[in-house]
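Given next are the chains, with one letter for each unit.
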Amino acid sequence: MTNINEKARSALAGAKDKIKVDPSSMGDVSEKVSVISEKFKGTVKEVVPEKSDELSDRIDQYLEERKDQIINDWELATKNDAMNLEKRYLKLSKDMGKLDDGFNEYRETSNKRIKEIEDRLEKLENPEN
């Protein structure tokens, strides 16, 4: 293996001396690459929108055909689901308000009764007052 490596190195060392690069030809190559690059970009710009629109249309068609299944699979909420949830929330808010009012009324009544019982108990424990 080392014998092959040494032969390759010696062959490349001699090739370096034999190859002569003309700096002006490098400029020509650079210009040609730039021209080809610009042509390629123009071609891509022309082709991509058509393919992109076609792909978008296919995606839209796929989603439209399978939207119910996608909604079920991903457990997504629809506009109707959100509206129903909002209605339920408003009803619950009203019911909670009524419940809170009823609780406050019960608390006031209970506090009055407790106070009366405490007063009667106080009179029983201390009849002198």
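Just so you know, these numbers come straight off a predicted model, no measurement behind them.

Visitor: Help me out: how do you make sense of the overall build of the chain in this one?
Guide: Along its length, the chain carries 3 helices and 0 strands. Element order for the chain, N to C, with α for helix and β for strand: α-α-α. A buried classification covers 1% of the 129 residues belonging to the chain. In the form shown here, the chain has an accessible surface area of approximately 13,000 Å², with 56% of it arising from carbon and sulfur atoms.

Visitor: Could you clarify how one ought to interpret the pattern of salt bridges in this entry?
Guide: Here the structure, examined in full by the defined rule, presents 5 salt bridges. We note a salt bridge from Glu 64 to Lys 67, for which the minimum N-O separation is 3.3 Å. A residue pair is termed a helical-turn pair when its members lie 3 or 4 positions apart in one helix, as Glu 64 and Lys 67 do in helix α2 (residues 23-74) at 3 residues. Judged by its relative accessible area of 52%, Glu 64 falls in the exposed class. The class for Lys 67 is partly exposed, based on a relative accessible area of 40%. Close ionic contact of Asp 95 with Lys 91 constitutes a salt bridge, the shortest N to O distance being 3.1 Å. Here Asp 95 and its partner Lys 91 are both found in helix α3 (residues 79-125), 4 residues apart, which amounts to about one turn of the helix. A residue is classified by how much of its surface remains accessible, and Asp 95, at 33% relative accessible area, is partly exposed.

Visitor: Would you explain a nonpolar patch on the surface in this entry?
Guide: Taken together, the side chains of Leu 55, Ile 59, Tyr 62 and Leu 63 present a nonpolar region at the surface, about 390 Å² in accessible area. With respect to the helices and strands, Leu 55 occurs in helix α2.

Visitor: Sorry, what's going on with the confidence of the model for the chain here?
Guide: As a note on interpretation, predicted positions should not be read in detail where pLDDT is low. Residues at a pLDDT of 70 or more form 61% of the chain, whose mean pLDDT is 79. Mean pLDDT across the elements of the chain bottoms out in helix α1 (residues 2-18) (61) and peaks in α3 (93).

Visitor: What's the story with unusual backbone geometry in this structure? I'm lost.
Guide: If a residue is not glycine, its phi is most likely negative; likewise, a peptide bond is most likely trans. With a phi angle near 55°, Glu 75 is a residue other than glycine that sits in the positive phi range. The topology assignment puts Glu 75 in the loop between α2 and α3. For Glu 75, a relative accessible area of 72% translates into the label exposed.

Visitor: Help me out: how do you make sense of a negative patch on the surface in this one?
Guide: Negative charge collects at one region of the surface, where Asp 100, Asp 101, Glu 105 and Glu 108 lie side by side. Within the secondary structure, Glu 108 is located in helix α3.

Rules behind the numbers
Residues numbered from 1 in each chain as written. Predicted model: local features only at pLDDT ≥ 70, side-chain atom pairs only at ≥ 80, totals over all residues. Heavy atoms only, no water. Helix = DSSP H or I, 4+ residues; strand = E, 2+ residues; numbered from the N terminus. Buried < 20%, exposed > 50% of the residue type's maximum accessible area, 1.4 Å probe, protein only. Areas by Shrake-Rupley, 256 points an atom, 1.4 Å probe, with all protein chains shown as cover. Salt bridge = Lys/Arg side-chain N within 4 Å of Asp/Glu carboxyl O. Patch = residues over 30% accessible without salt bridge, like charges linked within 9 Å, V, L, I, M, F, W, Y side chains within 5 Å. pLDDT = per-residue confidence, 0-100. Lys, Arg positive; Asp, Glu negative; His and termini not counted. Charge placed at Lys NZ, Arg CZ, Asp CG, Glu CD.

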